[in-house]
Amino acid sequence: LLTLLSPTQQQLALAGADDADPGRAAVSRRLTETGLHSLLISSASGAAGDFVLQLGARPALPSATLGPGSSTLADFPAGAGAQLYSFFADPNAPTQLTIGAQPENFPFVGEIYNEQGEVIGQIGAGIQSAVLTFEAGDGFYEVLLTPGDPAAAGGVLLILGAGSAPAPTPTSAAPAAP
């Protein structure tokens, strides 16, 4: 088990064992306070033992804001690094984000984060385009784009627009009695 605590010892995140790999647990969280944070590590059974700890961090990058109805091409010349984009969901209607490689075979990895800093979606590893729909609300999201091959040049097209509302659930009516 992993428990992430704020500088005031408030629990920020709790993670149990990964279903696919029971010996692994992961926490992903945006830290908004300065100060000493704590990570408590324990086994699910409470048994003593050795633990391997691996820390990773997203790069601190300036973020370009995507506005409603916008279309942006993230340009990646050969040797370029990661780029970060952000947007707010529409509070009154679903929001749709379309991500696509330009050209279609340009290798890239895209990670979508919610406002807590948790990964909520990924694209890459052969999937070169996706359409994601976010429910109506006041959520904040970030899209981190990284070239899959540093020597390749290309781009990633980001389109932010109105999403489709879910289709109504079909209902059936019994035929009228004669």
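Our subject is the structure that appears above.
Right, let's walk through the structure included here. These figures come from a predicted structure and were not determined experimentally.

Basis of the calculations
Residues numbered from 1 in each chain as written. Predicted model: local features only at pLDDT ≥ 70, side-chain atom pairs only at ≥ 80, totals over all residues. Heavy atoms only, no water. Pairing = 2+ DSSP bridges. Helix = DSSP H or I, 4+ residues; strand = E, 2+ residues; numbered from the N terminus. Axes fitted to C-alpha atoms, helices over the stretch in contact; angles between N-to-C directions. Core = buried A, V, L, I, M, F, W, Y, C linked by side-chain atoms within 4.5 Å. Buried < 20%, exposed > 50% of the residue type's maximum accessible area, 1.4 Å probe, protein only. Contact = heavy atoms within 4.5 Å. Polar contact = N/O pair within 3.5 Å; in protein donor to acceptor, adjacent residues only side chain to side chain. Phe/Tyr/Trp six-rings, centres within 6.5 Å; stacked < 30°, edge-to-face > 60°.

### With respect to the sheet that holds strand E1 (residues 2–5)
Link 1 in the chain: Pairing in this open sheet of three strands is antiparallel, and the strands run E2-E1-E3 from one edge to the other. Sheet topology places strand E2 (11–15) and strand E3 (38–41) at the edges, where each strand pairs with a single neighbour. On average, each strand axis in the sheet is tilted by 15 degrees relative to the strand beside it, whichever way the strands run.

### With respect to the nonpolar core
Link 1 in the chain: Counting residues in each nonpolar core, the largest one holds 21 residues, and the members touching the most others are Ile 99, Val 143, Leu 145 and Val 156.
Link 2 in the chain: Counting only elements with at least two residues in this core, the list comes to strand E5 (70–76), strand E6 (83–88), strand E7 (95–102), strand E8 (108–113), strand E11 (140–147) and strand E12 (154–162).
Link 3 in the chain: With near-sequence residues (within four places) excluded, Val 143 lies in contact with Gln 83, Leu 84, Tyr 85, Phe 87, Leu 97, Ile 99, Glu 111, Ile 112 and Leu 158.

### Focus on the side chain of Gln 128
Link 1 in the chain: Among the structural elements, Gln 128 can be located in the loop between strand E9 (119–123) and strand E10 (129–134).
Link 2 in the chain: At 2.4 Å, the side chain of Gln 128 forms a polar contact with the backbone oxygen of Phe 106.

### Concerning the pairing of E6
Link 1 in the chain: In terms of burial, E6 is largely enclosed, as five of its six residues are buried.
Link 2 in the chain: Of the pairings in the sheet, the one linking strand E4 (residues 63–65) to E6 comprises three bridges and is parallel in character. Within the sheet, the bridge partner assigned to Thr 65 lies in E6 and is Ser 86.
Link 3 in the chain: Sheet topology note: the E6/E11 ladder contains six bridges and is antiparallel. By the bridge assignment, Tyr 85 is partnered in E11 with Val 143.

### A look at the sheet that holds E9
Link 1 in the chain: Sheet architecture is open: five strands sit in the order E4-E6-E11-E8-E9, paired in mixed fashion. Whereas interior strands pair on both sides, the edge strands pair on one side only; in this sheet they are E4 and E9. Mean inter-strand twist for the sheet, computed between neighbouring axes without regard to direction, equals 25 degrees.
Link 2 in the chain: Direction of pairing for E8 relative to E9: antiparallel, over a ladder of four bridges. Across the sheet, the residue bridging to Tyr 113 is Val 119, located in E9.

### Points about the environment of Tyr 85
Link 1 in the chain: Within the secondary structure layout, Tyr 85 lies in strand E6.
Link 2 in the chain: In this structure Tyr 85 comes out as buried when scored by relative accessible area, which is 6%.
Link 3 in the chain: Once the C-alpha coordinates of Tyr 85 and Ala 74 are considered, the two residues, eleven residues apart in sequence, prove to be 9.2 Å apart.
Link 4 in the chain: Setting aside anything within four residues of it in sequence, one finds Tyr 85 in contact with Ser 63, Ala 64, Leu 66, Thr 72, Ala 74, Tyr 141, Glu 142, Val 143, Leu 145 and Leu 158.
Link 5 in the chain: Side chain to side chain, Tyr 85 and Gln 83 meet in a polar contact 2.6 Å long.

### Thoughts on the packing of aromatic side chains
Link 1 in the chain: The final tally for this structure, using the stated rule, is five aromatic pairs.
Link 2 in the chain: Between Phe 87 and Phe 134, the aromatic rings sit 5.3 Å apart at their centres with planes inclined by 70 degrees, giving edge-to-face as the arrangement. With Phe 87 in strand E6 and Phe 134 in strand E10, the pair connects residues that are 47 residues apart, well separated along the chain. A single burial state applies to Phe 87 and to Phe 134, both of which are buried.
Link 3 in the chain: Pairing Phe 134 with Tyr 141 gives two aromatic rings, centres 4.6 Å apart and planes at 45 degrees, and the pair type is tilted.
Link 4 in the chain: Looking at Tyr 141, the relative accessible area reads 14%, which means it is buried.
Link 5 in the chain: Here the aromatic residues Phe 87, Phe 134 and Tyr 141 are joined through ring pairs into a cluster of three or more.

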